[in-house]
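Remarks on the overall topology
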Amino acid sequence: EPALQVPSSGTLTVTVQLPDNLTNFKIRAKAASGLERFGVGTGTIAVRLPLLVQPALPRFVRPGDTFAATAIGRVVEGPGGPGRVEFQLEGMKASGEVKQAVTWSAEKASRLEVPVQVLTPPYTDDGRLSVEEVVFRAAVERTSDKARDAVEIRLPLREDRWPVVDRVVA
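Residues numbered from 1 in each chain as written. Predicted model: local features only at pLDDT ≥ 70, side-chain atom pairs only at ≥ 80, totals over all residues. Heavy atoms only, no water.

Section: the pattern of salt bridges
The criterion, for reference: Any carboxyl oxygen of Asp or Glu that lies within 4 Å of a side-chain nitrogen of Lys or Arg is treated as forming a salt bridge with it.
Under the counting rule described, the total for this entry stands at nine salt bridges. Within the structure, one salt-bridge network assembled from shared partners comprises Glu90, Glu133, Arg137, Glu152 and Arg154.

Here we look at the layout of surface pockets
The condition that has to hold: Method remark: on a 1 Å grid restricted to protein atoms, a set of points is classed as a cavity if a 1.4 Å probe fits but cannot get out and as a pocket if it is open with protein on both sides within 12 Å along at least five of seven lines; lining residues have an atom within 4 Å of a point. Grid points are joined across faces, edges and corners, and a volume is the space filled by probe spheres set on the points. Counting from the N terminus, the helices are the DSSP runs of H or I reaching at least four residues and the strands are the DSSP runs of E reaching at least two.
Reported here for the largest pocket is a volume of approximately 590 Å³. Val6, Leu12, Ala29, Lys30 and Ala31 are the residues nearest the centre of the largest pocket, which is lined by 18 residues in total. Listed by contribution, the elements that provide at least two residues to the lining of the largest pocket are strand E1 (24-33) and strand E2 (37-46). For the lining of the largest pocket, the leading source of residues is E1, giving seven residues.

So, the pairing of strand E9 (residues 133-142)
The criterion, for reference: With a 1.4 Å probe rolled over the protein chains alone, any residue whose accessible area is under 20% of its type maximum counts as buried; one over 50% counts as exposed, and the rest are partly exposed. Here, strands pair whenever DSSP counts at least two bridges between them.
Burial within E9 is extensive, with seven of its ten residues counted as buried. Judged from the ten bridges that link them, E9 and strand E10 (residues 147-156) form a sheet pairing that is antiparallel. Residue pairing for E10: glutamate 141 is matched across the bridge by arginine 148.

A short note on the sheet that holds strand E8 (residues 110-118)
For clarity, the threshold we go by: Only the stretch in contact is used when fitting a helix axis, every axis being a line fitted to C-alpha atoms; angles between N-to-C directions are given from 0 to 180 degrees.
Reading across the sheet, the four strands line up as E3-E4-E8-E6 and stay open at both edges, with antiparallel pairing between neighbours. Strand pairing shows two members of the sheet lacking a second neighbour, strand E3 (51-56) and strand E6 (92-94), which therefore form its edges. Ignoring strand direction, the axes of neighbouring strands in this sheet form an average angle of 35 degrees.

Things to note about unusual backbone geometry
Backbone geometry places lysine 146, a non-glycine residue, at a positive phi of 60 degrees. Structurally, lysine 146 can be placed in the loop between E9 and E10.

What follows is the structure, encoded as structure tokens:
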């Protein structure tokens, strides 16, 4: 914004649009008054969530696979305390509770998991799977301040057998 002018109070507030990335942004401001006076100010803005959830899943799954669908929850800012986690699954069936209570620790990450089985989708006429992926979602919340985070991962669904081709010469 090269056309901004600082009032005689010496203070100017500027609103800056930033993307919603979770990262550190470097901010730099330059000011000039005529040809002889100028200055530079820099700063850092850390954008992070107070509570984070990260998936810990296989790279792909096959129909009939059973495994512990896992997420790691961690307190980044603020205290620990009671909270909850909720899992949502598409193309998989949970064999445990999808809504769970959790006690967050400010010093240690929490392993959040639910046992799942990958469902077998119908096959197409040419013997291929009719579904290409399954979906895993995990949402976490800290009860005291309602701090939240969520993640969605789409896992590729691979064939569990080689296609059988019969050729007949008649």
